[in-house]
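Close look at the chain arrangement
Residue-level listing of the chains:
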Amino acid sequence: MSFLKILAFLNVFIFLGIMLFSKMEKNKAFILFILISFPFQHILLVSDFHVFETIVFVFYFIFYKRKKMKNNETIAYGFLLVFLALVVIAGFIFSTVGIDSENLIKFISIFPVFIYGKILIDECTSDPAFLVSILNCFRFMLGFALFFLFLQMTFGLNVSLAKTLNPNVIIKNSIRYPGIFSDPQQFSQFLGACSFLCLIKFDDQKLPKINFVLFGLSVISILAAGGRAGLMGWVLGLLFLLFFSKPKYKIAIILSSAVIFFIALNFQDKLSIFNRGSDLNETYDFRAGIWADAIDIFVNNPFWGIGLGNYGKYVFLHYPDQIWVINNEISSFDQPESGYLLFLTELGAVGSATIFIFIFFPIIQSFYYYLKTKDLNFILMISSIMCWLIGFYSTYSLGDVRIKILVGTIISFMIAYRTIWNLNEEVDEEKDINALQILEK
């Protein structure tokens, strides 16, 4: 049994121990355990099910305690999820590629992140103080990832939590460090998203200095990972934050960015982002051809797509230029080097639009609430998810279940935070009405 498999079973046993013997409220313990053990949630446990899916299903069917509360927004998302499931089934029915057990597993794997997100929203809404615990977990996750990167840069790529590393880790004249992931692009997206969450606060107290240290180290680590799309996402997220920040925060952000840039320049021989000039044209030429093929697949299957999980099988039959040989075995690409194009090819326009509603509707509402409340936390959440959204154009990062957890947590956090604002407003309105009634009497 491999070391990673041992870690997987150990995770499940610890989880079961917490559920059976801990006095902590089980729903909260479930959320906190997922986040604290985040680096190990991607390990395959049984067949093609990861630790995350296994823990979610075990918790939901055995330990979950439903909250006696009604949230119209999450109910609407529940109906939308049912619609997405029907769209996926329609894609299987109309697919020109045969359906097998792999497709069934892909279908089942849709639901755990939504179950997890629903529980997180309910727990935060019923106990707003739980938001602080979520943020602390994010900071712990980020701190662990940065420490792991330090070990990787010190002792080499043998320090890894992946069974195999992506070929793009080794480039000309440098190494793109993947950290706790197998792909440096996924690592870049994770770092950028978590860096902005470190700046969220819920009161007038100053943020601990360690939060700013984590923010700065995250940016330097993105440079070490060599993820151009991830860096672009972080830069645009920072510009978005700058535009809406108060003047004193703008000055602080600009000065901090200047310090980070100065440090990065002095260590540029260690940071792969500065050593990628020679492979830029090759990379874009390579991706342009794959993107063109993906668009062609979408045009031929515009409504329902080719079926969830069928990209590799489809290109094997129709696009031989997306096939390579590894260790004398023929393999086909399992994604078109773009998350958005994978959605369009496998789920068609209907399925893609449904997924985008899940993602963009909470973002739009959060921005509306920022305009209404001027609460900068909404902008920080949007900046965080932007790091993933922009990086997603160049890689299907949701292939790693930990990115699913990351994105699901941020979006659920947005919804919960906004729901709490609504509840507070309703309470204030009731107080005002009661005060008027007393005055009238």
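In this report, the structure presented in the accompanying data block is examined. (Residues numbered from 1 in each chain as written. Predicted model: local features only at pLDDT ≥ 70, side-chain atom pairs only at ≥ 80, totals over all residues. Heavy atoms only, no water.)

In this section: the overall build of the protein. The number of helices and strands found in the protein is 16 helices and 6 strands. Looking at the protein as a whole, 52% of its 441 residues qualify as buried. Sequence separation of 24 or more characterises 74% of the internal contacts of the protein that already satisfy a separation of 6 or more. A total accessible area of about 21,300 Å² is found for the protein, and carbon and sulfur atoms account for 67% of it. (Helix = DSSP H or I, 4+ residues; strand = E, 2+ residues; numbered from the N terminus. Buried < 20%, exposed > 50% of the residue type's maximum accessible area, 1.4 Å probe, protein only. Contact = heavy atoms within 4.5 Å. Areas by Shrake-Rupley, 256 points an atom, 1.4 Å probe, with all protein chains shown as cover.)

Another point: the pattern of salt bridges. For the structure on display, the rule yields 9 salt bridges. For the salt bridge of Lys67 with Glu25, the shortest nitrogen-to-oxygen distance reads 2.6 Å. On the criterion of sequence distance, the pair formed by Lys67 in the loop between helix H3 (51–63) and helix H4 (72–94) and Glu25 in the loop between helix H1 (3–21) and helix H2 (26–36) is long-range, its members being 42 residues apart. Relative accessible area serves as the criterion here: at 23%, Lys67 is assigned to the partly exposed category. Taking the shortest distance from any N to any O, the salt bridge between Arg418 and Glu73 comes out at 2.9 Å. Note that Arg418 is positioned in helix H16 (residues 401–440) and Glu73 in helix H4, a separation of 345 residues in sequence. (Salt bridge = Lys/Arg side-chain N within 4 Å of Asp/Glu carboxyl O.)

Under the counting rule described, the total for this entry stands at 41 aromatic pairs. Seen in terms of ring centroids, Phe181 and Phe187 are 6.2 Å apart; in terms of plane orientation they differ by 40 degrees. Their pairing is tilted. Residue Phe181 shares its accessibility class with Phe187, and that shared class is buried. An aromatic cluster is built from Phe15, Phe30, Phe33, Phe52, Phe57, Phe59, Tyr60, Phe61, Tyr64 and Tyr116, whose rings are joined through pairwise contacts. The ring of Phe130 has Lys28 sitting right over it, with the charged end atom 5.5 Å from the ring centre. The ring of Phe181 has Arg402 lying over it, and the distance from NZ or CZ to the ring centre is 4.3 Å. (Phe/Tyr/Trp six-rings, centres within 6.5 Å; stacked < 30°, edge-to-face > 60°. Lys NZ or Arg CZ within 6 Å of the ring centre and 35° of its normal.)

Now for unusual backbone geometry. Even without a glycine there, the phi angle at Glu337 is positive, about 60 degrees. Judged by its relative accessible area of 17%, Glu337 is buried. Non-glycine residue Lys374 carries a positive phi angle of around 60 degrees. Counting through the fold element by element, Lys374 comes out in the loop between helix H14 (339–373) and helix H15 (376–391). Taking the relative accessible area as the measure of exposure, Lys374 reaches 55% and is therefore exposed.

Turning to the packing of helix H6 (residues 111–126) against helix H7 (residues 130–155), a few remarks are in order. Interhelical geometry of H6 versus H7 gives an angle of 130 degrees and a closest axis separation of 7 Å. Overall, the two elements H6 and H7 adopt an arrangement that is oblique. Between H6 and H7, the residues in contact are Leu120, Glu123 and Cys124 and Phe130, Leu131 and Ile134, respectively. (Axes fitted to C-alpha atoms, helices over the stretch in contact; angles between N-to-C directions. Parallel < 35°, antiparallel > 145°, perpendicular 65-115°, else oblique.)

With respect to the secondary-structure elements, Ala229 resides in helix H10 (residues 228–244). Sequence separation between Ala229 and Phe392 is 163 residues, and the spatial gap between their C-alpha atoms is 8.0 Å. Contacts of Ala229, omitting those with residues within four sequence positions, involve Ile390, Gly391, Tyr393 and Ser394.

So, on to a positive patch on the surface. Together, Lys206, Lys209, Lys246 and Lys248 give the surface a local cluster of positive charge. Following the sequence through the fold, Lys248 ends up in helix H11 (residues 247–266). By relative accessible area, which is 59% here, Lys248 ends up exposed. (Patch = residues over 30% accessible without salt bridge, like charges linked within 9 Å, V, L, I, M, F, W, Y side chains within 5 Å. Lys, Arg positive; Asp, Glu negative; His and termini not counted. Charge placed at Lys NZ, Arg CZ, Asp CG, Glu CD.)

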